[in-house]
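# Chain and residue survey
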Amino acid sequence: MSGVFSANRAKISERTLRTDRWWLQPAFIVLVLSSFIVYATFRAFENDNYFSGANSLISPFYSPCLSKACVEGASMVGTPIGILHIFGATVSPSLFILLFPLGFRLTCYYYRKGYYRSFWMSPPACAVAEPHKTYTGETRAPLILQNSHRYFFFAGLVLNVFLTIDAVLAFRRPDSSGQMHWGHVSVGSLVLLANATFLWLYSLSCHTCRHTIGGRLRNFSKHPVRYRAWTYVSILNHKHQNFAWISLFGVAFADFYVRLVSSGSISNFFFF
Amino acid sequence: MTSIERHEYDVIVIGAGGAGLRAAVEAREANLRVAIICKSLFGKAHTVMAEGGAAASMGNVNEKDNWQVHFRDTMRGGKFLNHYRMAELHAKESPDRIWELETWGALFDRTKEGKISQRNFGGHEYPRLAHVGDRTGLELIRTMQQKIVALQQEDGKKFGSMEANIKVFAELTVTEILKEQGQIAGVYGYWRESGAEVLFEAPTVIIATGGVGKTFKITSNSWEGTGDGHALALKAGANLVDMEFLQFHPTGMVWPPSVRGILVTESVRGEGGVLTNDKYADNEAEADRWYLDQDNNRRPPELLPRDEVARAINSEVKAGRGTEHGGVFLDVSKRLSAEVIKKRLPSMWHQFFELAGVDITKEAMEVGPTCHYVMGGVEVEPDTAAAVGVPGLFAAGEVAGGMHGSNRLGGNSLSDLLVFGRRAGIGASEYAKKANRIPVRESSIKAASERIEAPFSRVGGENSYSLHAELQEITHNLVGIVRTGAELKEAIERIAEIRKRSANVSVSGGRHFNPGFHLAFDLDNMLLVAESTAKSAILREESRGGHTRDDFPGMNSKWRQINHISSFDGSKVNVRAQALPAIPKELYDLFDVHELEKYLTADEIAKGGSK
Amino acid sequence: MARNLNMRIWRGNATDGGLENVVVEANEGEVVLDVIHRVQATQMGDLAVRWNCKAGKCGSCSMEINGRPRLACMTQISSFAEEETITVTPLRAFPVIKDLVTDVSFNYRKAMEVPAYAHPTNLAPGEARMEQVDVERSQEFRKCIECFLCQDTCHVIRDHEENKKSFAGPRFFIRIAELDMHPLDTLRNRKQTAQTEHGLGMCNITKCCSEVCPEHIRITDNAIIPMKERVVDVKYDPLAWLGSKIFKREGIV
Ligand SMILES: Cc1cc2nc3c(=O)[nH]c(=O)nc-3n(C[C@H](O)[C@H](O)[C@H](O)COP(=O)(O)OP(=O)(O)OC[C@H]3O[C@@H](n4cnc5c(N)ncnc54)[C@H](O)[C@@H]3O)c2cc1C
Ligand code: SF4
Ligand code: SF4
Ligand code: FES
Ligand code: FES
């Protein structure tokens, strides 16, 4: 017997005496994250319905589109990656970039808390005994790789730049001759803009960001500008959990919207 | 006889508050082997509760401040009953003691220039209190706790064992100071956890056991404040000086009942809190009327010495102008914005919100007088903190008397702990290095052990909880903030009665962590303290500082020349008058003669201080 | 208004024990510690409980109330529903001594393992100058009242006795962070030893420590994660490591 049932601890047979519904939160997180994973996997492999040239919309799951397999007009910075086939199927261009946000979120300090608690039940909730016999935390492979978070953070910043450009480009509308004109606003452009904003908030509120911008300093007073920046990032950081969820929903929704538009299920409404 | 746990040390420090820890550091740095004994866990001593700050004339905020000004303020606060030498040493040495803490890792709040910030406090002419938000006591304790760990780590490197030369014995109560051939030989006590008895042999003992608040019904002190050190010293043959002087803090929480007595830091008033009450308009002028003092009009009224504030509140309440729970309202929300309150008084906000459901940024707090500090204590030699009359015994901190006279200024206690804690450490070390050790006789051990066993061997005797409650009722009503001769007489008789009954206390349950058993011992100490206080109070026929006689209002310069010395003859406390040492010329000259006329007799003024 | 409160109090010692039912009077505005004291004074004279300040300042009265690690003196009775039974037990991460009192010596041992503050040898007392913005981070951690609730709730040791050897716990992670962020501390290997000696890597940032801290110290966000990032700087990130070698000082990037 170990943990709270160790011989020298107070003899109590329950693994927790909490009277609230402590299992609700982990259960909820399992549900939401699983749904997202299922949807994202489906979309990543779908390799279709991610771009609508007429509406200047591209799904955040597919941008920047780097593969020669990308549909006409979808790639912004060229297609350095050739077409790959695995078991005869074309590898979706989404996979080349989705790796980065995936790694970013997987190593994110907040998501770590979320999935360690809900999926791994380590611990399922505070003061609720966990089911595992042994525990080594993040000291060994693979979890020691969590320390790579900062690299994903920087990759995430690059992606944010692309998605921001995507959002800006969406404020165009082609005329009947196919000529693009600026200054138009559609639902889709707002969706991409919101998505990019949420992603920036998510990245800027990141703990690594907070550390890099000023947290690692010993003397703030010698670096007034970085200190100022650190205080702002700290304010955002306080809400990192919220931004993590909002941006997750944001990305999924943006993708879903683009899918609906590009598959022709709905048409993108232009305000002007 | 069963074998008991035994230890041998050079210096034993009873108490792990500010004074005890500071003394221990000094003794260890003098290369002696030191034991620190305390009743609760390490780092929990009463000192953690101090909020406002530690007074030291560093002059960081107002450079006109210096030790002379601090000395003057201290003497004025104590109404010149202070031992001048203690007040002098304290004023001179506090800045160094504060700075020293910084080298051990303390992080005080800062001024713009990066120095230690200092704040205003009642009775101090300049901003003088070094502070950390409103948790200065915690900072002090933690810093010294960590300094002790630092010393232990050094020992670990040098000797291979961290606890070889300085060790903390936490949750151990000392029940007796042992003497052989008229000098200190050790202490005896029991582990609170197991009830097992322990003998410590050492040529020197430093008492640093803090205060006596638990003798009273409403107090800011924790359960530890049972006057153990006062009683231990009395029984060991030392004297207590001026035990009639107790400080009732004017602003303790009075509602809800569960938080009765808990202190609202004086800095609430320092930061601009306004006292208001039901009947009067909520404006400051009205509120200030309570303690308008012609001599002190230059200072904001909230910053007057606390005894005056306490008495003013008491008379307001007695005159029927208090709140329904017998207090008055203290309001910070009037002058300060919510953010400022939360920033400057964070733990106060926290405390009221969580304990009483009161949001002090929006509403007033309900406050009233609470027993807070004892000025009286063990009579010591100022320079060495050696207890008068008992070779090898030392005392520092709240348990020592003389430093604060008839009333302590806020913030002077924390600095007192540091200054005299260190001095006690030095004094004890010097004594210990020369002392010849006398082993404790088996008969002494047997007697001490029998005393511990006694309450278990009785059945159906008195219950210590109810005796304690009775005692508190008596002290609160008869020896409290305002006293009369008749009431004190009654108190003395009734305390003696309880003392008789307490000899018959029995406890249920075993020795294993048994609070009923623990209280039985504390009770005995509180009874001695109460007796000493009542007997000193009945003699002093004047009102001064923390001693207010309804039948003798006003100060009388004749009484200023007198200390009341309590001693114990084995069955009762005896109190006698003793002349206060005269102030030497160079200190005397620090004052304006007109001011001195308020305190000294014409004869003393004519002499102009002793040479 | 007084009312009768149903309580279950754990009574026992290291070898045996269990929950006992009591009914006790509770008054308006009272906290759990008050009613425990009433039980002690009227029904169980030898009920063991630690407390000191009764004001949330000393961190003595730590226990578990309805399964949650809390300070008994800061838990108001009114925060529970009228008909609710309040269950109090000792801390479940530490060996029990008696009733509500546990052996918290683990924490004092760990405190001794964290190297003390090292003041610059060339700075005499009184010469130190530190700006408020530079001390504020460490001051947050020095608010700690050592209630050890964070240690109690931390699953690393609560659920795995064997980890006690190698894991200092959140209380001491904030201590290490406090010193590593102290503007004057001269010991420079705290980041490395946080990982190698004190088990920082065992923490999986699940934040239970932050949830229970009565001082609302943001243990995980402000101490543990920043320390983890600092550890990455010196141990896992080749670029940051290189930067520090080239510029010969910490925190350059
Ligand atoms: C709420 C509050 C706020 C305060 N604010 C301030 C302030 O702002 N500024 C200021 O200067 N002062 C303040 N004071 C006063 C000051 O805190 C105390 O006077 C001071 O802390 C006393 O310290 P000490 O070292 O003498 O004893 P304590 O800190 O009381 O420690 C006593 C020690 O002795 C031990 N002990 C007692 N009896 C025994 C025994 N029989 N056996 C073994 N060990 C024993 C205890 O366990 C404890 O460790 C405040 C006091 C209170 C209550
Ligand atoms: S965040 Fe880390 S230290 Fe805090 S409780 Fe969780 S595992 Fe323990
Ligand atoms: S960090 Fe908070 S929870 Fe942990 S010991 Fe300190 S005050 Fe208690
Ligand atoms: S993105 Fe969550 S911590 Fe970096
Ligand atoms: S008794 Fe001090 S924190 Fe509860």
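Numbers given to residues run from 1 along each chain, matching the order in which its sequence is written. All chains are assigned letters beginning with A, and all ligands numbers beginning with 1, in the order in which they are written. Note on the predicted model: pLDDT of at least 70 is required for a residue's local features to be given, and 80 or more for side-chain atom pairs to be given and counted; whole-chain, interface and lining totals, by contrast, use all residues. Side-chain measures were taken over the full set of non-hydrogen atoms in the model, leaving aside hydrogen atoms and water.

### Some words on the overall build of chain A
- Comment: elements are numbered from the N terminus, with helices defined as DSSP H or I runs of at least four residues and strands as E runs of at least two. Each helix and strand counted, chain A has 8 helices and 6 strands in total.
- Each helix (α) and strand (β) of chain A, taken in turn from the N terminus, gives the series α-β-β-β-β-α-α-α-β-β-α-α-α-α.
- Projecting the C-alpha coordinates of chain A onto the three principal axes gives extents of approximately 80 × 55 × 35 Å.
- The buried share of chain A, reckoned over its 272 residues, is 48%.
- Note on contacts: a residue pair qualifies if any of its non-hydrogen atoms lie within 4.5 Å across the two residues. Here the contacts in chain A between residues at least 6 apart in sequence split such that 65% fall between residues at least 24 apart.
- Using a 1.4 Å probe, the Shrake-Rupley method yields the accessible areas, and only the shown protein chains count as cover for residues. For chain A, the accessible surface area stands at approximately 13000 Å², while carbon and sulfur atoms represent 70% of it. Each residue gets one of three labels from its accessible area relative to the maximum for its type: buried under 20%, exposed over 50%, partly exposed in between, using a 1.4 Å probe on protein chains only.

### Thoughts on the packing of helix α5 (residues 187–204) of chain A against helix α8 (residues 240–262) of chain A
Residues and elements named next belong to chain A.
- Think of each axis as a best-fit line through the C-alpha atoms, taken over the contacting stretch in the case of a helix, with angles from 0 to 180 degrees between the N-to-C directions. The geometry of α5 relative to α8 is characterised by a closest axis approach of 8 Å and an angle of 150° between their N-to-C directions. Considering the angle they form, α5 stands roughly antiparallel to α8. The hand of the α5/α8 crossing is left-handed. Contacts from Val 187, Gly 188, Val 191, Leu 192, Asn 195, Phe 198, Leu 199, Leu 201 and Tyr 202 in α5 reach His 240, Phe 243, Ala 244, Ile 246, Ser 247, Gly 250, Val 251, Phe 253, Ala 254, Tyr 257 and Val 258 in α8.
- Its residues placed into classes, the contact of α5 with α8 shows 15 nonpolar, 5 polar and no charged. Orientation is classified from the angle alone, with under 35 degrees giving roughly parallel, over 145 giving roughly antiparallel, 65 to 115 giving roughly perpendicular, and any other angle giving oblique. We call a crossing left-handed when the near helix sits turned anticlockwise from the far one by less than a right angle, and right-handed when that turn is clockwise. Classes in brief: Ala, Val, Leu, Ile, Met, Phe, Trp, Tyr, Cys and Pro nonpolar; Asp, Glu, Lys and Arg charged; the others, Gly included, polar.

### Description of the arrangement of the chains
- The interface with the most contacts, out of 2 pairs of chains in contact, is the one formed by chains A and C.
- What separates chain A from chain B at the closest point of their C-alpha atoms is a distance of 10 Å, and the two make no contact.

### Looking at the side chain of Asp 180 of chain C
- Position of Asp 180 of chain C among the secondary structure elements: in helix α6 (residues 170–180).
- Residue Asp 180 of chain C is classed as buried on the basis of its relative accessible area, which comes to 0%.
- Setting aside its immediate chain neighbours within four residues, Asp 180 of chain C contacts Arg 218 of chain A together with Arg 190, Lys 191, Met 227 and Arg 230 of chain C.

### Side note on the domain arrangement of chain C
Residue and element names in this part refer to chain C.
- The domains assigned to chain C are domain 1 (3–102) and domain 2 (105–247).
- What fixes the domain bounds is an automatic or database domain assignment. Once you take the C-alpha centre of each, domain 1 and domain 2 turn out to be 31 Å apart.
- Contacts between the two partners involve 15 residues from domain 1, matched on the other side by 15 residues from domain 2.
- Buried area is calculated as the accessible area (1.4 Å probe) missing from two parts once they are joined, with the contributions of both summed. Taking both partners together, domain 1 and domain 2 bury about 1100 Å²; carbon and sulfur atoms supply 58% of that area.
- When the buried area of domain 1 at its contact with domain 2 is split by residue, Pro 69, Ala 93 and Phe 94 rank highest and sum to 49% of it.
- Salt bridges are counted wherever a side-chain nitrogen of Lys or Arg sits within 4 Å of a carboxyl oxygen of Asp or Glu. For the pair domain 1 and domain 2, the number of links is 1 salt bridge.
- Among the salt bridges present, the one from Arg 158 reaches Glu 64, with a minimum N-O distance of 2.8 Å.
- For the purposes of these results, a polar contact is taken to be a pair of N or O atoms within 3.5 Å, where, inside protein, one atom must be able to donate a hydrogen and its partner to accept one; residues adjacent in sequence count only when each atom of the pair is a side-chain atom. Inspection of the domain 1/domain 2 interface yields 5 residue pairs in polar contact (both at pLDDT 80 or more).
- Elements supplying a minimum of two residues to the side of domain 1 that touches domain 2: β3 (62–65) and β4 (68–71).
- Of the residues in the side of domain 1 that touches domain 2, the class split is 8 nonpolar, 3 polar and 4 charged.

### A short note on the sheet that holds strand β17 (residues 377–378) of chain B
Residue and element names in this part refer to chain B.
- The strand order across the open sheet formed by 4 strands is β17-β12-β19-β20, and the pairing between neighbours is antiparallel. Strands at the two margins of the open sheet, each flanked by one partner only, are β17 and β20 (573–579).
- With 2 bridges connecting them, strand β12 (residues 240–241) and strand β19 (residues 562–568) associate as antiparallel partners. Of the residues in β19, the one forming a bridge with Leu 240 is Ser 566.
- Its contacts with the sheet put helix α15 (residues 515–539) on β12, β19 and β20, and the angle it makes with β20 is roughly 45°. Here, strands pair whenever DSSP counts at least two bridges between them.

### Thoughts on the site of ligand 1
Residues and elements named next belong to chain B.
- The cutoff for a nearby residue is simple: one of its non-hydrogen atoms must lie within 4 Å of the molecule or strand. Residues in close proximity to ligand 1 total 39 residues, the closest being Thr 47, Glu 224, Asp 228, Glu 398 and Leu 414.
- One nitrogen or oxygen atom from the main chain of Ala 16 is found 2.9 Å from an oxygen atom belonging to ligand 1.
- One nitrogen or oxygen atom from the side chain of Asp 228 is found 2.7 Å from a nitrogen atom belonging to ligand 1.
- Coverage of ligand 1 by the protein chains reaches 98% of its 990 Å² of free accessible surface.
- When residues of the shell around ligand 1 are assigned to their parent elements, the largest contribution, 4 residues, is made by helix α11 (residues 412–434).
- Its residues placed into classes, the shell around ligand 1 shows 15 nonpolar, 18 polar and 6 charged.

### Details of the site of ligand 2
Residue and element names in this part refer to chain C.
- Close contacts around ligand 2 come from 13 residues, with Cys 154, Cys 203, Thr 206, Lys 207 and Cys 209 the closest.
- Those elements that place two or more of their residues in the shell around ligand 2 are α5 (155–158), α8 (208–212) and α9 (219–236).
- Within the shell around ligand 2, the residues separate by chemical class into 8 nonpolar, 4 polar and 1 charged.

### A look at the state of the cysteines
- Any two cysteine sulfur atoms within 2.5 Å of one another count as a disulfide. Scanning all chains against the criterion turns up 2 disulfides over all chains.
- Two residues share a disulfide in this structure: Cys 126 of chain A and Cys 208 of chain C, whose sulfurs sit 2.2 Å from each other. Given an S-S torsion of about -90°, the disulfide between Cys 126 of chain A and Cys 208 of chain C has left-handed geometry. With Cys 126 of chain A in the loop between α3 (109–118) and α4 (149–169) and Cys 208 of chain C in helix α8, this residue pair bridges two chains.

### Here's the deal with the interface of chain B and chain C
- With 63 residues of chain B at the contact, the number on the chain C side is 61 residues.
- Across the interface of chain B and chain C, roughly 5000 Å² is buried in total on both sides, 55% from carbon and sulfur atoms.
- Counting across the interface, chain B meets chain C through 4 salt bridges.
- Here Arg 142 of chain B and Glu 146 of chain C are joined by a salt bridge, their closest N and O atoms 3.7 Å apart.
- Put simply, chain B and chain C have 33 residue pairs in polar contact (both at pLDDT 80 or more) between them.
- Sorting the residues of the side of chain B that touches chain C by element identifies α3 (84–103), α4 (136–159), α10 (346–356) and α15 of chain B as the ones contributing at least two each.
- The element contributing the most residues to the side of chain B that touches chain C is α4 of chain B, with 10 residues.
- Considering only residue class, the side of chain B that touches chain C consists of 23 nonpolar, 21 polar and 19 charged.

### Focus on the sheet that holds strand β4 (residues 54–55) of chain B
Residues and elements named next belong to chain B.
- A sheet is described by the order of its strands in space; here 3 strands give the open sequence β4-β6-β5, paired in antiparallel fashion. In the strand order of this sheet, the two ends are held by β4 and β5 (118–119), each with one partner.
- Across 2 bridges, the pairing between β5 and strand β6 (residues 129–130) is antiparallel. Looking at β6, one finds that Arg 119 is bridged to Leu 129.

### Let's talk about the interface of chain A and chain C
- The interface of chain A with chain C comprises 60 residues on the first partner and 72 residues on the second.
- Both sides of the chain A and chain C interface together cover about 5400 Å² of buried area, and 47% of this is carbon and sulfur.
- Of all residues in chain A, Arg 9, Tyr 135 and Arg 218 of chain A bury the most surface against chain C, accounting for 16% of the area lost on that side.
- Where chain A touches chain C, the interface holds 9 salt bridges.
- Here Asp 233 of chain C ties to Arg 216 of chain A by a salt bridge, and the two come within 2.8 Å at their closest N and O atoms.

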